[in-house]
Amino acid sequence: MNKVSRIAAVSFALVIATALAVAYSTPPNFSGARSRHDSVALDTDRVLIAGGHDSQGVGLDSSEIFRLSTQTWKTAPMAAKRAQPRLVKLDNGNVLAVGGITDGTPIAFAELFDTSTETWTAGPALIYPRTSGMTLTRLKSGLVLVTGGYIKPEGATSIEPTNKTELYDPVAGTFTEAAPMNQARAWHSATLLNDGRVFVIGYGNSEIYDPATNSWTTRAAPLNPGVAHTAHLLPDGKILFMGGSLQSNNATTYRSELYDPVTDTFSLTQSLMKEARQYHVSAELNGKIYVAGGTKPQGTGYFYHNSVEVYDPATKTWSLANPLGTARAAPAIAQLGTSLLVTGGNASQYQTLNSAEWIDEYTGPSELFPLRSYTPGTTTTNVAYHYAMGFHFRPTKSGQITSLGGLFQGTKKVKLFNKTTGQLLAEAWVNGNNGWSYTKITPVNVTALQSYTVAVYLAGSGGSYRSSFGYFPIVVGDIVIDGSTYASTSTDPNARPTNSVSTAIYGQADIGFVAGGTVPTPSPTATPIPTPAPTPAPTPVPTPTPVPTATPAPTPTPVPTPTPAPGTWSAINNPRTPLADYTTRCTQVNVEQSGNAADVRLEFTIYHTWFYALSATLSHNGVTRPVFNQGGFGSGSGTRGWTQWPVSGFYGSATGIWEFCVRDNDGFGDRGEIIQFGVHN
């Protein structure tokens, strides 16, 4: 099936909009749900997935082959249950599988998959059987380098990371011991360099293996050491590695770094990932790096990502693409033809998937649907309320609202408002089907950090609400959702929700947002009109002059266009960084715009069981300043947030990394987390 026919078969849960840059279709389900498996493309028509574990954590002794031309899966049994294997394609086209654990014992032998017969045979024994966390790298000689992972030393009762390495020779069919790494590693990465050497990073310093001398050389330490990241060689010879769990505090990170093997130096990418993630997958497609799925801590559990991000080596920046149809942690990914196939994974702690979906090539800015992209909470549909329901939000970048929609039954009217003035900016009839549905609108310009409201009038039937949504505010890509809102409307379809904020999303109205989009703007006024043409409101705007409102709210300093004024800068993230006794936890944002660092204002939200224990600092360009000392945040417990917290003592450019660190200064068992952090002027 070609790309055009795949796109035509898109799932009902996804909406393909005009600005969409990444398109997904739905291959058939495979027979056995699996997570923490591996996959590899056999040719341009077939992908092999193998091993992993089921929803009970039991290792699987099966593999499956997807054939693109027939849209079918075929099962191929394996010789051993391999819960967390690694696969590598050999020079002869066959596939080597290493690793896995059965009943607590590492699997001692490898397996070989014959691509012509589509069958497995038992391979040679490893010198050091490994359970998980190892890497396989096919060298330019055709040999395969196996590094690190977890082994169970003789006489030991538990597994531990190892520095042992070995080489597999496909011609001789044997493993031989290679020089050990300088330190033990697991859940690290190994990347083949252009000159044939192998760069390894994870757990402390990096190091490079030289096959010509069978030796390891210690190299520089990364700026943010960690594990469970992914890494790729870029066209310029540098290595990009991203995400994972930081070694310093075990926090999941959105950081991404570049390593230059010529200068032995690390640097941050021009922009950081939008989402913190570990147990994600990544792959290269036409020179760009795609990252999908994964998890991050949230409260006492984990948030499962369905988001997709794309790194462009030419600009050294990340872009948020349209989400996967299903959240997936620890899936597998492989390139098949001109697309990437994502398979399996965990949608939650207790749900392992047997589904797959496509990622097609990224071609430009994509449309973000923030509420659809954020999965936590319990959804109830077909409720009968005469309510206008929705949420308040702020874009972190100026851009355009290009669609209105949501999740409900029947045809409903969705409206977009300026939260501050109450002005109706756009409205659209949306035909819902208890799936996410959207209607394109004339693009509406929205300004960074200004507040807006989207709502759907339910008309007494077919509504949908989500409860147990979590802490507010939340950050989804370039949109900050400040909280939900509703208003009892009786039978008035023109009613607007109040400016009050609730802790659950009651009505699942949604927007389509494109960052950086522009259309011609009206002349500057005290209350700018977001579009130069009439909005699709019941009373069209006849000219580009402001629409009179019952209570006009002129701003003291009018914003002349929807693009931030010169010097306006901001960056925000949603780290969900846990706090505990006598620990310091830090989170960062990267300001890409230019501006004056002396104008900085903090925007942060913290949950804690005893605020009096906390102190915090802010750092930028080598300067660290106190935000508040112990007791300066007050006492009590709960969730608290500020949007305009000033910090003095900074100078120079605002561009670059800002780091916010919070310390719990007592040992009374208090707990909490940094929910959100941002800086702006």
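Residues numbered from 1 in each chain as written. Predicted model: local features only at pLDDT ≥ 70, side-chain atom pairs only at ≥ 80, totals over all residues. Heavy atoms only, no water.

Visitor: Can you break down the nonpolar core residue by residue, with the values?
Guide: Grouped together as the largest cluster of nonpolar side chains are 40 residues, with contacts concentrated most on L602, I606, L618, V627, W658, F660 and V679. Looking at this core, the elements that each hand over two or more residues are β23 (239-242), β28 (288-292), β49 (584-591), β50 (601-608), β51 (614-620), β52 (623-628), β54 (656-664) and β55 (672-680). Counting residues in each nonpolar core, the second largest holds 35 residues, with F369, I401, V430 and I479 among its members. (Core = buried A, V, L, I, M, F, W, Y, C linked by side-chain atoms within 4.5 Å. Buried < 20%, exposed > 50% of the residue type's maximum accessible area, 1.4 Å probe, protein only. Helix = DSSP H or I, 4+ residues; strand = E, 2+ residues; numbered from the N terminus.)

Visitor: Quick one: what's the story with the sheet that holds β49, residue by residue and with numbers?
Guide: The strands that make up a sheet are held in pairs by hydrogen bonds between backbone atoms, and each pair lies either parallel or antiparallel. Reading across the sheet, the four strands line up as β49-β54-β51-β52 and stay open at both edges, with antiparallel pairing between neighbours. Each of the sheet's edge strands pairs with one partner strand only, and the pair in question is β49 and β52. Mean inter-strand twist for the sheet, computed between neighbouring axes without regard to direction, equals 20 degrees. Examined bridge by bridge, β49 and β54 share eight bridges and lie antiparallel to one another. When the bridges of β54 are listed, N590 appears paired with I657. (Pairing = 2+ DSSP bridges. Axes fitted to C-alpha atoms, helices over the stretch in contact; angles between N-to-C directions.)

Visitor: Report on the state of the cysteines, specifying residues and quantitative values.
Guide: Covalent bonding between the sulfur atoms of two cysteines is what defines a disulfide. Following the criterion strictly, the structure yields one disulfide and no others. Across the disulfide from C586 sits C661; the S-S distance is 2.0 Å. On the S-S bond that ties C586 to C661, the torsion sits near 110 degrees, and the link is right-handed. Residue C586 is found in strand β49, and its partner C661 is found in strand β54; the two are separated by 75 residues along the sequence. Each member of the pair, C586 as well as C661, is classed as buried. (Disulfide = S-S within 2.5 Å.)

Visitor: Summarise the pairing of strand β10 (residues 119-125); cite the residues concerned and give the values.
Guide: When strand β9 (residues 109-114) meets β10, the two strands line up antiparallel, connected through five bridges. Within β10, the residue paired with D114 across the bridge is T119. Here β9 hands over to β10 after four residues, with E118 in that stretch at a positive phi of 55 degrees.

Visitor: Requested: an account of the layout of surface pockets, with residues and values cited.
Guide: Volume-wise, the largest pocket comes out at about 1800 Å³. As for the largest pocket, its lining consists of 47 residues, and the residues nearest its centre are D38, L87, A231, H232 and S282. Counting only elements with at least two residues in the lining of the largest pocket, the list comes to β1 (38-41), β5 (86-89), β11 (135-138), β17 (189-192), β22 (230-233), β27 (281-285) and β33 (332-336). Residues that form the lining of the largest pocket fall into these classes: 24 nonpolar, 16 polar and seven charged. (1 Å grid on protein atoms, 1.4 Å probe; cavity = no way out; pocket = protein on both sides within 12 Å on 5 of 7 lines; lining within 4 Å. Points joined across faces, edges and corners; volume = space filled by probe spheres on them. Nonpolar A, V, L, I, M, F, W, Y, C, P; charged D, E, K, R; others polar.)

Visitor: An account of empty space enclosed by the protein is requested, with residue identities and associated values reported.
Guide: One pass over the full model with this rule turns up five cavities of 30 Å³ or more. One number sums up the size of the largest cavity: a volume of about 120 Å³. In terms of lining residues, the largest cavity is bounded by 20 residues, among which N224, P225, G226, F241 and G243 are the most central. For the lining of the largest cavity, the elements supplying multiple residues, two or more each, are β21 (226-227), β23, β24 (245-246) and β25 (256-260). Considering only enclosed or pocket space, the second largest cavity measures out at about 100 Å³ in volume. Considering the residues around the second largest cavity, the lining is formed by 15 residues, among which E275, N306, S307, S373 and V476 are closest to the centre. Counting residues per element, the ones that place at least two in the lining of the second largest cavity are β32 (317-321) and β44 (474-476). Within the lining of the second largest cavity, the residues separate by chemical class into nine nonpolar, five polar and one charged.

Visitor: Tell me what's going on with the environment of S366, and back it up with residues and numbers.
Guide: Relative to the elements of secondary structure, S366 occurs in the loop between β37 (356-359) and α2 (370-373). Overall, S366 belongs to the buried group, its relative accessible area being 8%. S366 sits 148 residues away from V514 along the chain, and the two C-alpha atoms are 6.1 Å apart.

Visitor: Describe the sheet that holds strand β3 (residues 62-67), and please don't skip the residues or the numbers.
Guide: Pairing is antiparallel in the open sheet, where four strands are placed in the order β1-β2-β3-β4. Of all the strands in the sheet, just β1 and β4 (72-77) have a single pairing partner and so form its edges. Shown here is a sheet whose adjacent strand axes are inclined to one another by a mean of 20 degrees, direction ignored. In this structure, strand β2 (residues 46-50) lies alongside β3, joined through five bridges in antiparallel fashion. What sits directly across from V47, in β3, is F66.

Visitor: Tell me about the pattern of salt bridges, and name the residues and values.
Guide: By the definition in use, this model includes 19 salt bridges. The salt bridge partner of R130 is E166, with a shortest N-O separation of 2.8 Å. Of the two residues, R130 is situated in the loop between β10 and β11 and E166 in strand β15 (residues 165-169); the sequence distance between them amounts to 36 residues. Residue R130 shares its accessibility class with E166, and that shared class is buried. When salt bridges with common partners are traced through the structure, they connect D43, D45, R46, R67, K74 and E118 into a single cluster. (Salt bridge = Lys/Arg side-chain N within 4 Å of Asp/Glu carboxyl O.)

Visitor: If you had to explain the side chain of T352 to someone new, which residues and values would you point to?
Guide: With respect to the helices and strands, T352 occurs in strand β36 (residues 351-352). Looking at T352, its side chain comes within polar contact range of the main-chain nitrogen of S55, at 3.4 Å. Reaching out from T352, the side chain makes a polar contact with the side chain of N346 at a distance of 3.0 Å. Ignoring anything within four residues of it in the chain, the contact list for T352 reads A33, R34, S35, H53, D54, S55, G345 and N346. (Polar contact = N/O pair within 3.5 Å; in protein donor to acceptor, adjacent residues only side chain to side chain. Contact = heavy atoms within 4.5 Å.)

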